[in-house]
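# What the coordinates show
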Amino acid sequence: MKKALEAAQSVGIFALIICFIVFSVRAKAQALEGMKLCLNVIVPTLLPILILTNTIIKSSSRAFLETVFSPLARLLRLPKCACCALILSLIGGYPTGAILSNELFNLHLIDSQTAKRLLRCSFCGGVAFIITAVGTIHLNSTKTGIIIYTINVLSSIIICVADGIIHPNTNKSTQEYSIGSQSFCNALISSIECSTKSVAVMCGCIVFFSAICGLVSIPPFAMPLIEITNGIFKFNGSISLPYLCFFLSFGGLCIHLQILNVIKSTGIGYIDFFVHRVVGGLISYFLGKGYILLFNPDTEVFSNISQITPRLNQINGSLSIILLASCIVIVVDLNNKKSKLI
């Protein structure tokens, strides 16, 4: 089974290389679009906030936030340091939750069970991406961005509360949180380094998947499931509010691939993570539906995102098979690697 999987991966990669060579013009054009998207949206909106959130978690200034969020930590049944990381991840954006969870776990400030809980719920587009990039820049409505961001945050909090009931806090760490603290300057420099690396990885994934889009015609409905940034920004005005909430909460397979190493290091299986992303997306979808039904927002505010409601039958059968096969390959590969470690 392992050799067959390795052979399939090798053949698939080689075939993709041939496609990039043969159809280089289309692939380069889409890759260039992906690079422009990174330079104009991802880097200026996400990188500064990611640097600051990492600086807080690495420096002694987080002690103040722990005190402020201690009532919320008790409500969510999380250690104070984990609750602080959750809040910062909801502010910072997609990779922040994985980065901060891994940071606390490596410092032995939280155990594996708590790290898993954080990974399940600390997944959000963040203020910079959802409010600024999606809302203000893409939809020309900061109000819409705030509404979508609030819905995504509520989805994460609901998952955290439910997970806390199912898996009560059993954090076994005995170290004091001050052990991992650094001076502000050292924390800032360290945060710039790791944040820049994380954003570079994100941009690399966006460019790679953009190049693939130049080779394969992907329906608008499926694009956000694969790569969230291109999926939203490329198909202007084609996603209704509830679906937009779902896609942003799910994050896309491109974002999932970026944090696979963190998922593996904390012991959480990809299926576990994937299921929680689907659940989070569904919660956001119904919250978006509920907002429209309850508050009946003005048509003018949502005119940019309510033109077309995507339908499931827009996805052709071959693409569905490819996506399913990709998920299976990832899960099997992770299980094989995990079995080696045991």
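Structure: above.
Report follows, based on the coordinates.

### Concerning the side chain of Asn152
Its location among the elements puts Asn152 in helix 9 (residues 142-166). Aside from chain neighbours lying at most four places away, what touches Asn152 is Cys124, Ile130, Cys245, Leu248, Ser249 and Ser284.

### A closer look at the environment of Val275
Along the chain, Val275 turns up in helix 16 (residues 270-295). C-alpha separation for the pair Val275 and Arg120, spaced 155 residues apart in sequence, amounts to 9.2 Å.

### Quick look at the pattern of salt bridges
Enumeration over the complete set of coordinates arrives at four salt bridges. Here Lys36 ties to Glu33 by a salt bridge, and the two come within 4.0 Å at their closest N and O atoms. With Lys36 and Glu33 both in helix 2 (residues 24-58) and three residues apart, this pair spans about one turn of that helix. With its nearest N and O atoms 2.8 Å apart, the salt bridge here joins Asp272 to Arg120. On the criterion of sequence distance, the pair formed by Asp272 in helix 16 and Arg120 in helix 7 (residues 112-121) is long-range, its members being 152 residues apart. The network of salt bridges with common partners includes Arg117, Arg120, Asp163 and Asp272.

### Quick word on the packing of aromatic side chains
Summed over the entire model, instances satisfying the criterion amount to 15 aromatic pairs. Here the aromatic rings of Tyr243 and Tyr285 are separated by 5.3 Å at their centres, their planes lie at 70°, and the arrangement is edge-to-face. On the criterion of sequence distance, the pair formed by Tyr243 in helix 13 (residues 241-250) and Tyr285 in helix 16 is long-range, its members being 42 residues apart. When the centroid spacing of 5.2 Å and the interplanar angle of 85° are considered together, the rings of Tyr285 and Phe286 count as edge-to-face. Lying over the aromatic face of Phe273, Arg277 brings its terminal NZ or CZ to 5.7 Å of the ring centre.

What counts as what
- Residues numbered from 1 in each chain as written.
- Predicted model: local features only at pLDDT ≥ 70, side-chain atom pairs only at ≥ 80, totals over all residues.
- Heavy atoms only, no water.
- Helix = DSSP H or I, 4+ residues; strand = E, 2+ residues; numbered from the N terminus.
- Contact = heavy atoms within 4.5 Å.
- Salt bridge = Lys/Arg side-chain N within 4 Å of Asp/Glu carboxyl O.
- Phe/Tyr/Trp six-rings, centres within 6.5 Å; stacked < 30°, edge-to-face > 60°.
- Lys NZ or Arg CZ within 6 Å of the ring centre and 35° of its normal.

Any functional reading would require information that these geometric values do not contain.
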